[in-house]
Amino acid sequence: MSKLVTIYGGSGFVGRYIARRMAKAGWRVRVAVRRPNEAIFVKPYGVVGQVEPVLCNIRDDASVRDVMIGADAVVNCVGILAEVGKNQFDTVQADGATRIARIAAEQGVANMVHISAIGADESAESEYAQSKAHGEAGVQEHFPNAVILRPSIVFGPEDQFFNRFASMSRLGPVLPVVGADTQFQPVYVDDIARAAEIALTGNVAAGIYELGGPDVASFRDLMHQMLLVIHRRKLVVNTPFFIARMMGFGFDMLQKLTLGLVTNTMITRDQVRNLAHDNVVGEDAKSFADLGISPVSMAAVLPDYLWRFRPSGQYDAIKKSAENLRG
């Protein structure tokens, strides 16, 4: 019988790519999510019955254990960018990750991959970065042979980075950003999935791998590259950190005062703290090179999914050609 992998958060942005790769590799894939009915799209990744979404709450031991029974490998992709309701940084990214690792060790699972993030640091100002570091520590305590992947900002068709700012660029002549000079090393989502697949199926040394693409650029330069792809001219304006902190405070308070009825989807104070620090692969860190992977560049991927933000969408190039003919 083919091997079984349980992917916690397997219908999320990164998780779905790992699920697809593992299915193509012949594994049975159990996609553990809070809302299985919203994860049915993963089933066609394999043959009938090969990929199955199942209900799981990573805040509960029994729930985590039930979906892990019989698994040969485990992947934890669960993470949040902002706190909402019961989904707090510590409960999800620290306690949840530790719980999965502890139960995986108890169940005798052979391999584990944990998706963390560059910048994970228990002494960081950001609670997000602290919780990521605490999650890594919990994983390594209970499952010392785990492979921990720390990606920089992730891009791909379903991303919440380039898609979000490309959408914002249609609203006016100015594109505001926070931390315009902060450096990033964007990584293609399927390259992270390749790294996870190799870690699960190959002979990979345990430890932390920092994953960044071939391009290192400031937030401002990333926006300029995006604007070139979508054929729009906008003024990229930096929002000073002191103003961003006030904005984050206001949006956070609105969410708190409405008891979560209005969620902060703009910017949080914690995100502002994160944006003050570069997000690139460390000089001495293990990376894609140690996994035998050559990461894909942004230029090779962005046009494939950002074309819809061009002034004339898919017809933008045809329209420009027609204008040249009239000239």
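To be clear, the structure that these remarks concern was listed above.
Every value quoted in this text rests on a predicted model; they were computed, and no experiment measured them.

A.B. asks: For this particular structure, what's the right way to read the packing of helix α1 (residues 13-24) against helix α6 (residues 189-201)?
C.D. replies: Any two packed helices are characterised by how steeply their axes cross, that is the angle between the axes, and by the distance between the axes. Taken N-terminus to C-terminus, the directions of α1 and α6 make an angle of 50 degrees; their axes are 8 Å apart at the nearest point. Classed by the angle they form, the pair α1 and α6 counts as oblique. Judged by the sense of rotation from one axis to the other, the crossing of α1 with α6 is right-handed. Contact residues: F13, V14, Y17, I18, R21 and M22 in α1; V189, D190, I192, A193, R194, A196, E197, L200 and T201 in α6. Here the contact of α1 with α6 is composed, by residue class, of 10 nonpolar, 1 polar and 4 charged.

A.B. asks: Please explain a positive patch on the surface as it appears in this structure.
C.D. replies: Together, R34, R35, R59 and K86 make up a region of like positive charge exposed at the surface. With respect to the helices and strands, K86 occurs in the loop between β4 (73-76) and α3 (89-107).

A.B. asks: Can you walk me through the sheet that holds strand β6 (residues 147-151) in this structure?
C.D. replies: Two pairing modes exist for strands in a sheet, parallel and antiparallel, and in both the strands are linked by backbone hydrogen bonds. Pairing within the open sheet is parallel, and its 7 strands lie in the order β3-β2-β1-β4-β5-β6-β11. Of all strands in the sheet, those with a lone pairing partner are β3 (51-55) and β11 (207-211), marking the two edges. On average, adjacent strands in this sheet sit at an angle of 20 degrees to one another, irrespective of strand direction. Bridging between strand β1 (residues 4-8) and strand β2 (residues 28-33) involves 5 bridges; their strand directions are parallel. When the sheet's bridge partners are listed, I7 is paired in β2 with V31.

Calculation criteria
Residues numbered from 1 in each chain as written. Predicted model: local features only at pLDDT ≥ 70, side-chain atom pairs only at ≥ 80, totals over all residues. Heavy atoms only, no water. Axes fitted to C-alpha atoms, helices over the stretch in contact; angles between N-to-C directions. Helix = DSSP H or I, 4+ residues; strand = E, 2+ residues; numbered from the N terminus. Parallel < 35°, antiparallel > 145°, perpendicular 65-115°, else oblique. Left-handed = near helix turned anticlockwise from the far one by under 90°. Contact = heavy atoms within 4.5 Å. Nonpolar A, V, L, I, M, F, W, Y, C, P; charged D, E, K, R; others polar. Patch = residues over 30% accessible without salt bridge, like charges linked within 9 Å, V, L, I, M, F, W, Y side chains within 5 Å. Areas by Shrake-Rupley, 256 points an atom, 1.4 Å probe, with all protein chains shown as cover. Salt bridge = Lys/Arg side-chain N within 4 Å of Asp/Glu carboxyl O. Lys, Arg positive; Asp, Glu negative; His and termini not counted. Charge placed at Lys NZ, Arg CZ, Asp CG, Glu CD. Pairing = 2+ DSSP bridges.

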